[in-house]
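Observations on chain architecture
Listed below are the residues making up each chain.
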Amino acid sequence: MALSDRQLLDALSRTPFADSTELALILGEPHTTVHRSLSSLLAEGIVGRVSHGTTHLPSSQRYHLTAKGIDEAALVLGFDTPSDFVRAYPMSKEWLALFIRRMDAVATVYRLAASMSPSVDGLRTRVEFHRRGRFDATITLHDGRSFGVVRQGLALRRRSLYDRLRAIAEYDYSRRPGNVLILVPSVWEERLTTRFCDDRNIDDCYVAVESRDALERRDLRHWRCTSWVVGGRFFTLEGVISRSSPSGGPRIQSPERKRASLPRPERMAQAAPAFDISPSEKRTLDLITDHPMIPREHLALWLGVSEGRVSQMMHSLVDTLGLIERRGRRGDTRYTLSAEGIRYVTHRDRAQLPTTQGIWSTALTIDKHGRRRHIGHRIETWARQTKHTDGITWFMSKLEAEIRADPASELMWSVPTARSDRAYNWGESAIAPDAVGELITGGIHIPFYFEYELRARHPRGVMARLSPYRSYYWSSAPNEDQPPFPVTLFVVDTEDVEDTYVSTAARMTTMSLPILVSCTPVLSDRGIFGQSWRPLWEPASPRLPLSGLSAYQWDSLYHRMRHSPVGRNR
């Protein structure tokens, strides 16, 4: 049966800025039919389109009703006036502003809803976004099975995510969606979020790292169940759907439409940064968000381009859109979020503006002691520890460059200093590495913690610096956090300090732990994957490449490193 104009206008009114593929899958109609109808409405000026892509999803054309389309939809759908129409649908100026501000998250939800839909015989899926509250959106399938979506963007603090999850746990089960889908930015957050839900008995939740495969593939085990089940903890999207059942209470939160002004969709879309930034520029914006005040040369090394190319790429972000602030003089140019950029990532990730300003703002204020300081604590940290923060971005950018040059190596994932802390022993102890990640080299997986250390230069300071990791490795946390076991990479600035680490570890009887040390001169000369690392569990041994870890294994019973059996890999 042909798709009627009434059905299509109703769908576009409920799902503004969906692309044709997503719209077809959500409606359960053939893509050719939907595309043909959209093309006809586009030619009549009833529908407009904008190009949009994210770091996870390729650019596509997203459709929305124009001002003429709103008048047409109001007439076709049986409303007396367009004002009545925008009160009944999320098409008011206020709602479209919300969609545009959260456009990257909106695209993620649409793609997830499309993948979950049966996509046949007109079996329709309903998607409704929430202006505020516990969930970002609700996806309801044709048979009544409902899923609340919670997304953690880079600007949303872990604490804020956990507050929402606590609220979900306290919510009347009969009134909330049957299952909760949580999207997080990294494997590290996935593990910590799953553990948080486990500890607080928040059931019926599935956690996945936000990626194209997680959003589009129904047959890959990307979704981690937060409650123990027989047969494993990772499920396919198909498995998540099959394990759910229709919930008993209301599945859709009706939007609050006390304010419902008539919008100017074309003008609003043209002025929105979300549609002007390419996926590669959004990746660059994310890097700068994670690493504020990053030097231009480090950013160029990270991206694999020249510094001149970085300047060209930054023209739109700095000069046109004003999302990035350029700091420093020639030879020491740095990039960080501008005030407008902070607002952009805040709205995109549904965070709180005072909180994000307290993290990234470069504005100056006076503290209680009368001293000038930056409002953003990460900017203030950079100002006080510039050499340290530059050392972190130098190492991570060099790691990316070496991996790019070596097809046999891969950085699976990494998270920056701001999100790398780990509390253990029921919160009594903690480590706070400068980065956490997992890489592949020499055919082995190497989960790692990274520490760029400039302060601990003498035996007493070195012992104090190694002590938290000694406590950590003697707990049960390492195997739970990054199985089979994580190594810790200490980088210092001179070979003399490196020697101090090795000699101090040799005098510590419990220092038979997977900790390696190197220094910037050696890493600059031999490379991160070269024979650059001295193992603290065998102080007398020569330098190892990271691939040399295949000769060792972690004995979790005796808490020590020992040689692997011949021919055995990690």
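Up top you'll find the structure we're talking about.
Let me sum up the structure you'll find in this document. (Residues numbered from 1 in each chain as written. Predicted model: local features only at pLDDT ≥ 70, side-chain atom pairs only at ≥ 80, totals over all residues. Heavy atoms only, no water.)

A look at the nonpolar core
Which entries qualify depends on this criterion: By convention a nonpolar core is built from buried Ala, Val, Leu, Ile, Met, Phe, Trp, Tyr and Cys residues, the set being connected through side-chain atoms within 4.5 Å. Exposure classes here rest on a 1.4 Å probe applied to the protein chains alone. A residue is buried below 20% of its type maximum, exposed above 50%, and partly exposed in between. Starting at the N terminus, helices and strands are each numbered in turn, a helix being any DSSP run of H or I of at least four residues and a strand any DSSP run of E of at least two. Contact criterion: two residues are considered in contact whenever any of their non-hydrogen atoms come within 4.5 Å of each other.
Counting residues in hydrophobic clusters, the biggest one holds 168 residues, and the most contacted among them are L65, F85 and F395. If one sorts the elements of this core by residue count, helix α7 (residues 103-116) sits on top with 9 residues. Discounting chain neighbours no more than four positions away, the residues touching F395 are F450, L489, V491, L523, I528 and W533.

Considering helix α2 (residues 20-27)
The following threshold applies: Think of a polar contact as two N or O atoms within 3.5 Å of one another; within protein, one of them needs to be a possible hydrogen donor and the other a possible acceptor, and neighboring residues in sequence only count if both atoms come from side chains.
Within α2, 6 of the 8 residues are buried, leaving the element largely enclosed by the surrounding structure. The complete set of buried residues in α2 reads S20, E22, L23, A24, I26 and L27. Capping the start of α2 is the job of one residue whose side-chain oxygen sits 3.2 Å from the backbone nitrogen of T21: D19. Immediately downstream of α2, the backbone of G28 shows phi near 70°, a positive value.

Quick word on the pairing of strand β12 (residues 324-327)
We apply this condition: When DSSP finds two or more bridges between two strands, those strands count as paired.
Here β12 pairs with strand β13 (residues 334-337) via 4 bridges, running antiparallel. Bridge pairing in β13 places E325 opposite T336. Linking two consecutive strands that pair antiparallel, namely β12 and β13, is a turn of 6 residues; a positive phi of about 90° is found at G328 within it.

Structural notes on the side chain of R350
On the secondary structure map, R350 appears in the loop between α17 (339-348) and α18 (353-360). The class for R350 is buried, based on a relative accessible area of 11%. Polar contacts involving the side chain of R350 include one to the main-chain carbonyl oxygen of F135, which spans 3.3 Å. Those residues in contact with R350 that sit more than four places away from it in its chain are R102, R131, R132, G133, R134, F135, D136, L156 and R164.

Quick look at the pattern of salt bridges
Cut-off, in case you're wondering: When a carboxyl oxygen of Asp or Glu lies within 4 Å of a side-chain nitrogen of Lys or Arg, that pair is called a salt bridge.
Counted according to the given criterion, the structure contains 42 salt bridges. A salt bridge links D390 to R334, with the nearest nitrogen and oxygen atoms 2.7 Å apart. Taken together, the residues span a long stretch of sequence, with D390 in helix α20 (residues 386-405) and R334 in strand β13 at a distance of 56 residues. Here the two residues D390 and R334 agree in accessibility, since each one is buried.

Some words on the packing of aromatic side chains
Using the following cut-off: Only the six-membered ring of Trp is used, alongside the rings of Phe and Tyr, when aromatic pairs are assigned; centres must lie within 6.5 Å, and planes under 30 degrees apart are stacked while those over 60 apart are edge-to-face, with the rest tilted. Charges are assigned to positions over rings by a cutoff of 6 Å between ring centre and Lys NZ or Arg CZ, combined with an angular limit of 35 degrees from the ring normal.
A complete count under the given rule lists 20 aromatic pairs for this structure. Judged by centre distance (6.5 Å) and plane angle (80°), the ring pair of F395 and W533 falls under edge-to-face. Of the two residues, F395 sits in helix α20 while W533 sits in the loop between α24 (520-526) and β23 (534-535), which places them 138 residues apart along the sequence. For W533, a relative accessible area of 0% translates into the label buried. When the centroid spacing of 5.8 Å and the interplanar angle of 80° are considered together, the rings of Y469 and F490 count as edge-to-face. Here the residue Y469 occupies a position in helix α21 (residues 459-473), and F490 occupies one in strand β21 (residues 487-492), the gap between them amounting to 21 residues. Following the ring pairs from residue to residue traces out a cluster consisting of W188, Y424, Y449, Y469, Y472, Y473, F490, Y501 and W554. Positioned above the aromatic ring of Y171, the side-chain terminus of R134 is 4.1 Å from the ring centre.

Brief notes about a negative patch on the surface
Heads up, the rule is: Nonpolar side chains (Val, Leu, Ile, Met, Phe, Trp, Tyr) within 5 Å and like charges within 9 Å form the patches, drawn only from residues with over 30% relative accessible area and no salt bridge. Under the convention used here, a 1.4 Å probe and the Shrake-Rupley method define accessible areas, while residue burial counts only the protein chains that appear. Charge counting treats Lys and Arg as positive and Asp and Glu as negative, with His and both chain ends excluded. Every charge is mapped to an atom, namely NZ of Lys, CZ of Arg, CG of Asp or CD of Glu.
A contiguous patch of negative charge, built from D5, E44, D71 and E72, is present on the exposed surface. Inspection of the secondary structure assignment puts E72 in helix α4 (residues 67-76).

A few points about helix α16 (residues 307-320)
Applicable threshold: Given a helix with a known number of residues, its expected span is that number minus one, times 1.5 Å. Note that the bend at a residue is defined as the angle between axes fitted to the seven residues ending at it and the seven residues starting at it.
For α16, with 14 residues, the first-to-last C-alpha span of 19 Å sits near the 20 Å given by 1.5 Å per residue. The largest bend in α16 comes to about 50°, at M314. Of the residues making up α16, those classed as buried are V310, M313, M314, S316, L317 and V318. A positive phi of about 70° marks G322, the residue just after α16.

Here we look at the environment of L557
Within the secondary structure, L557 is located in the loop between β24 (552-555) and β25 (560-563). Judged by relative accessible area, which is 63%, L557 ranks as exposed. Spatially, the C-alpha atoms of L557 and W474 are 9.3 Å apart, while their sequence positions differ by 83 residues.

Digging into the sheet that holds strand β7 (residues 179-184)
Here is the rule: All axes here are fitted lines through C-alpha atoms, helices being fitted over the stretch that makes contact, and every angle between N-to-C directions spans 0 to 180 degrees.
Overall, mixed pairing links the 7 strands, which are arranged β4-β5-β6-β7-β8-β9-β10 in an open sheet. Where the open sheet ends on each side, the last strands, each with one partner, are β4 (126-129) and β10 (234-235). Here 2 bridges tie strand β8 (residues 205-209) to strand β9 (residues 223-225), and the two strands are oriented antiparallel to one another. Counted as the bridge partner of Y206 is C225 from β9. The sheet strands contacting helix α8 (residues 158-170) are β6 (146-151) and β7, and the helix crosses β7 at an angle near 175°. Most of the contacts of helix α9 (residues 187-199) go to β8, to which it runs at about 170°, and overall it touches β7, β8, β9 and β10.

Description of the sheet that holds β23
The strands that make up a sheet are held in pairs by hydrogen bonds between backbone atoms, and each pair lies either parallel or antiparallel. Spatial ordering of the open sheet is given by β16-β19-β20-β21-β22-β23, a layout of 6 strands whose pairing is mixed. Looking at which strands have only one partner, the edges of the open sheet turn out to be β16 (410-415) and β23. With 7 bridges connecting them, strand β19 (residues 435-441) and strand β20 (residues 444-452) associate as antiparallel partners. Pairing of T441 across the sheet is with I444, part of β20.

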